[in-house]
Amino acid sequence: MKIAITGPVCKDTIIVNDKIVHEGIGGSIYYEAKTLKALGVEIKTFGTYDIKDDEFVKKNFDGIHLEPIHGQGTITHKLTYNRENPNIREINISEYGPNPFPTENKLLEELKTFDYILLGPLYYDNLPFEFFEKMKGSNLVI
């Protein structure tokens, strides 16, 4: 089984009681890719992010087949928690680039060769409607 995973890559900063405790990669495509790879599934990720983050992204996707799609920016989240009430989380988007998934025929034809395509948009503008129109009849998994 071959699975394609699409969507934006994120940079996440976790802050607890005003102290940074973790800075790392995020986004559904990262977590889906790590999980499916651990299960032995043949995968390829198609991730959108800013070219300035190329080294950071490739380091974190080490061992995972990544097709970079350079966009206007890398989505960056700051997740703030308070130790007294860890169930409450504040999310701030400190950098946002819409990074719509491209609808070029060559890329879409490659996606059609996969058994399944997992869509991992985080925001409404990450997948243009044109993408769905051109992929009609494919094995999309949303």
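In the structure shown here, the tally under the stated rule is six aromatic pairs. Consider the rings of Tyr 30 and Phe 61, whose centres lie 5.5 Å apart with planes at 70°: the pair is edge-to-face. In this pair, Tyr 30 sits in helix H1 (residues 28-38) while Phe 61 sits in the loop between helix H2 (54-60) and strand S5 (66-70), placing the two residues 31 residues apart along the sequence. Residue classification places Tyr 30 among the buried positions, given a relative accessible area of 13%. Judged by its relative accessible area of 2%, Phe 61 falls in the buried class. Ring geometry for Phe 101 against Phe 131: centres 5.5 Å apart, planes inclined by 85°, an arrangement best described as edge-to-face. Note that Phe 101 is positioned in the loop between strand S7 (89-95) and helix H3 (105-111) and Phe 131 in helix H4 (residues 129-135), a separation of 30 residues in sequence. On the basis of relative accessibility, which here comes to 3%, the residue Phe 101 falls in the buried class. Given the relative accessible area of 0%, Phe 131 is considered buried. Site record: aromatic cluster; members linked through ring pairs are Tyr 30, Tyr 31 and Phe 61.

This part covers the environment of Gln 72. Tracing the chain through its elements places Gln 72 in the loop between S5 and strand S6 (75-81). With a relative accessible area of 61%, Gln 72 lands in the exposed category. The spacing of Gln 72 and Gly 97 is 25 residues in sequence and 5.0 Å in space, taken between C-alpha atoms. For Gln 72, the residues in contact, after removing those within four places along its chain, are Asp 50, Gly 97, Pro 98 and Asn 99.

Rules and cut-offs
- Residues numbered from 1 in each chain as written.
- Predicted model: local features only at pLDDT ≥ 70, side-chain atom pairs only at ≥ 80, totals over all residues.
- Heavy atoms only, no water.
- Phe/Tyr/Trp six-rings, centres within 6.5 Å; stacked < 30°, edge-to-face > 60°.
- Helix = DSSP H or I, 4+ residues; strand = E, 2+ residues; numbered from the N terminus.
- Buried < 20%, exposed > 50% of the residue type's maximum accessible area, 1.4 Å probe, protein only.
- Contact = heavy atoms within 4.5 Å.

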